[in-house]
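The chain contents come next:
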Amino acid sequence: MELIFQVSADPKRVFDHLSDMELFVGVHPLIERMEPIGENTFRVHERVQLGPIPYRFRYKATVTADANNARVTIVANVMGLTHITMLFKLEAISTGTRIVEDLEVRSVLPIERYMHRLFKEQHTILFRNIDQATR
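A brief structural summary. All residue numbers here refer to positions counted from 1 along the written sequence of the relevant chain. In view of the model being predicted, local features appear only for residues whose pLDDT reaches at least 70, and side-chain atom pairs are presented and counted only at 80 or more, with totals across whole chains, interfaces and linings using the full set of residues. The side-chain quantities take in all heavy atoms of the structure and omit both hydrogens and water.

### Some words on the nonpolar core
Among buried residues, those of type Ala, Val, Leu, Ile, Met, Phe, Trp, Tyr and Cys that are joined through side-chain atoms within 4.5 Å constitute a nonpolar core. Relative accessibility under 20% of the residue-type maximum defines a buried residue, over 50% an exposed one, and the middle range a partly exposed one, all with a 1.4 Å probe and only protein chains included. V14, L18, I84 and F127 are the most contacted members of the largest nonpolar core, which has 39 residues in total. Broken down by element, this core gets its largest block of residues, six residues, from helix α3 (residues 112-133). Working rule for contacts: check all heavy atoms of both residues, and any pair within 4.5 Å makes them a contact. If sequence neighbours within four positions are ignored, F127 has contacts with F5, V7, V14, L18, F88 and I99. Strands here mean DSSP runs of E at least two residues long; helices mean DSSP runs of H or I at least four residues long; both are numbered from the N terminus.

Here you go:
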């Protein structure tokens with residue numbers, strides 16, 4: 001699945017928010033904390049609302065940042081059941097930055113459509129937050 005976002009911030013500032021996990025946690029609507037557990041590897045603490053009930057869980061993710069090509073890749077393994085790969089490609093445009101996100105969700109559970117909808121909603125908020133944080 002491909003998602004496209006635009007923000008008024010320049011590509012370097014967007015890259016910084018996607019590649020620096022302290023900045024990333026500060027703008028992400030669901031991730032509460034990311035603890036380093038190895039080189040470029042983190043234990044992610046996330047909270048989602050399932051109706052009126054908050055559900056907290058942890059999983060491992062690897063973040064690879066390529067400043068030369070303005071790309072950030074995040075690969076997550078959620079409880080061994082769901083594997084998520086997000087590739088963010090940044091491109092300078094006259095009004096700021098265009099972000100193309102290539103999203104792949106593989107799961108033994110029948111949740112792909114739900115996950116696509118969740119990512120679309122939450123990453124819209126994520127990039128709105130990045131835009132506001134960089135003003």
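### Details of the sheet that holds strand β4 (residues 53-66)
Across the sheet, which stays open at both edges, the seven strands sit in the order β1-β7-β6-β5-β4-β3-β2 with antiparallel pairing between neighbours. What marks the edges here is a single partner per strand, and that holds for β1 (2-7) and β2 (31-38). Taken pair by pair, the neighbouring strands of this sheet meet at an average axis angle of 25°, ignoring direction. Only strands that DSSP links by at least two bridges are regarded as paired with each other. Of the strand pairs in this sheet, strand β5 (residues 71-78) and strand β6 (residues 82-93) are connected by eight bridges, and their pairing is antiparallel. Across the sheet, R71 pairs through a bridge with K89, a residue of β6. Only the stretch in contact is used when fitting a helix axis, every axis being a line fitted to C-alpha atoms; angles between N-to-C directions are given from 0 to 180 degrees.

### Details of the environment of H123
Tracing the sequence through the fold places H123 in helix α3. Along the primary structure H123 and H83 are separated by 40 residues, whereas in three dimensions their C-alpha atoms are 17 Å apart. Apart from residues lying up to four places away in sequence, H123 is in contact with F5, H28, M86, F88 and E101.

### Some remarks on the pattern of salt bridges
Basic side-chain nitrogens of Lys or Arg form a salt bridge, by our definition, when they fall within 4 Å of a carboxyl oxygen of Asp or Glu. Overall, the coordinates contain eight salt bridges when judged by the stated rule. In this structure, R56 engages E32 in a salt bridge whose closest nitrogen and oxygen atoms are separated by 3.2 Å. Linking R56 in strand β4 with E32 in strand β2, this pair joins segments that are 24 residues apart in sequence. Here R56 falls in the exposed class, since its relative accessible area comes to 53%. By relative accessible area, E32 is classed as partly exposed at 36%.

By themselves, these observations are geometric and do not establish any function.
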